[in-house]
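# Residue-level structural notes
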Amino acid sequence: MTASASSAISASHPGAGGWRTLVRAYATSPLALAGLVLLLVIAAAALAAPWIAPQDPHDLSQLDIMDSRLPPGSTSADGSLHYLLGTDGQGRDMLSAILYGLRISVAVGFSATLLALALGMSLGLVAGYAGGRIDAFVMRAVDIQMSFPAILTAMILLALFGQGTDKIIIALVASQWAYYVRTTRSAALVEGRREYIEAARLLGLSTPRILFRHLLPNCLPPLIVVAALQVAAAIALEATLSFLGLGLPVTEPSLGLLISNGFQYLYSGRYWMSVFPGVALLLTIVALNLVADRLREILNPRLQTQ
C-alpha cells in the first residue's frame, strides 16, 4: 500500500512539461501577447524610474515654479530640460511624475495582492481541508467581509489609521483577502477528495506538509487567475482612494493623486496634467486584464472544452 500511495502522490505534481504547455497555449493569442509585452514594458519603466526619468519629482530643489503648467513639448526657463508631456502646477515634469507614480502604484498593487494572497490562501486551505466548525467560522467571516464594498472597507480603515503606504496596503489586503479564501476553499474541497490526498494521510504525513506540499500546488491555477485580476483591482482601488485624498500622501504621488492634482485644471484647457496619468493608469489595468483573461482561458478546463 505504501508504494501505491507514493505513486499517487508523485502523480499529483505536474512536471516542467506543464509549464511549457502553458507558455505555448498563451502564445497562441496575439492580443494576450500584446498585453504581456505592454505589462513588461510598464513594469520595467516603473522599476527603472530613478534612472530613466528626466527629473526627480520628489526633489524640491529640482523644481522651478516658473516652469509650472507648461504644455507638452515646452522647454524649461533655463533651457536645461525639455518637457515632453508638459508640467503640473508645481513645475514637475509630467513624464517623470508619471514614471514615479507608476512605480508607487505598481508596488502598492503587487504588495497588497501578495499579502492578501498569502493570507487568503492559508485560510482557504485550512477551511477546505479541516471542514466542520473551522470551515464554518472562516466562511462566515468571509461572508461578512464581502457584504461590504471594497472601497467602503478601505475608506473606513484609512479614516481610522491615516495616510501612508503601509496603511493603504493594509486597507487593500483587508478589502481583498476574502476572494482568495473562497477560491482556495473551493479548489481544496475538490482536491481533498482525490486519491493522492488520501494516500498522503495513509503515509502519515503531517497536516502542514499535506496542505502546502501536495494540496496547494493543485489549487494554484484558479488562484493565479484571481491574483492577476486582483492586482488590477488593487491598483484601480488605490488610484480611486488617492484621487479622493484618502490614499497616499502628497509627498508620494501615485497615478491617482496625479490625476486628482490635474483635475482642477482640466476645464481650463490644461488637459495633460490629468489625462496623461489617466492614460498610464488605463494602460496598466488593460494590460493586467488581458494577461488575466488569457490565463483564465488556459487554466479553466470548462473553457478549454468549448
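Residues numbered from 1 in each chain as written. Predicted model: local features only at pLDDT ≥ 70, side-chain atom pairs only at ≥ 80, totals over all residues. Heavy atoms only, no water.

For R294, the location among the structural elements is in helix α12 (residues 272-299). Ignoring sequence-local partners within four residues, the contact set of R294 consists of A25, Y26, T28, S29 and A32. (Helix = DSSP H or I, 4+ residues; strand = E, 2+ residues; numbered from the N terminus. Contact = heavy atoms within 4.5 Å.)

One way to put it is that helix α7 (residues 150-161) packs onto helix α10 (residues 207-243) with a least axis distance of 11 Å and a crossing angle of 50 degrees. Classified by the interaxial angle, the pair formed by α7 and α10 is oblique. In this structure, α7 crosses over α10, and the sense of that crossing is right-handed. On α10, the residues that touch A150, I151, A154, M155 and L158 of α7 are L237, T240 and L241. By residue class, the composition of the contact of α7 with α10 is 7 nonpolar, 1 polar and no charged. (Axes fitted to C-alpha atoms, helices over the stretch in contact; angles between N-to-C directions. Parallel < 35°, antiparallel > 145°, perpendicular 65-115°, else oblique. Left-handed = near helix turned anticlockwise from the far one by under 90°. Nonpolar A, V, L, I, M, F, W, Y, C, P; charged D, E, K, R; others polar.)

To continue, consider helix α6 (residues 132-146). Since one α-helical turn is 3.6 residues long, residues separated by three or four positions face the same way. Between its first and last C-alpha, α6 extends 21 Å over 15 residues, near the 21 Å set by a 1.5 Å rise per residue. As for α6, its buried residues are in contact with α5 (94-130), α7 and α8 (165-191). (Expected span 1.5 Å × (residues − 1).)

Next up on the list: the environment of Y271. Secondary-structure assignment places Y271 in the loop between α11 (255-263) and α12. The partly exposed category is assigned to Y271, whose relative accessible area is 40%. Each C-alpha atom of the pair Y271 and L258 lies 12 Å from the other, and the pair is 13 residues apart in sequence. In this structure Y271 touches P72, L266 and F276, once residues within four positions along its chain are discounted. (Buried < 20%, exposed > 50% of the residue type's maximum accessible area, 1.4 Å probe, protein only.)

A separate point is the nonpolar core. Of all hydrophobic cores here, the largest spans 33 residues; its most connected members are L125, I168, L172, Y180 and L215. Looking at this core, the elements with two or more residues in it are α5, α7, α8, α9 (195-202) and α10. For this core, the element with the highest residue contribution is α10, accounting for 11 residues. By size, the runner-up hydrophobic cluster in this structure holds 31 residues, among which are Y26, A97, V106 and L295. (Core = buried A, V, L, I, M, F, W, Y, C linked by side-chain atoms within 4.5 Å.)

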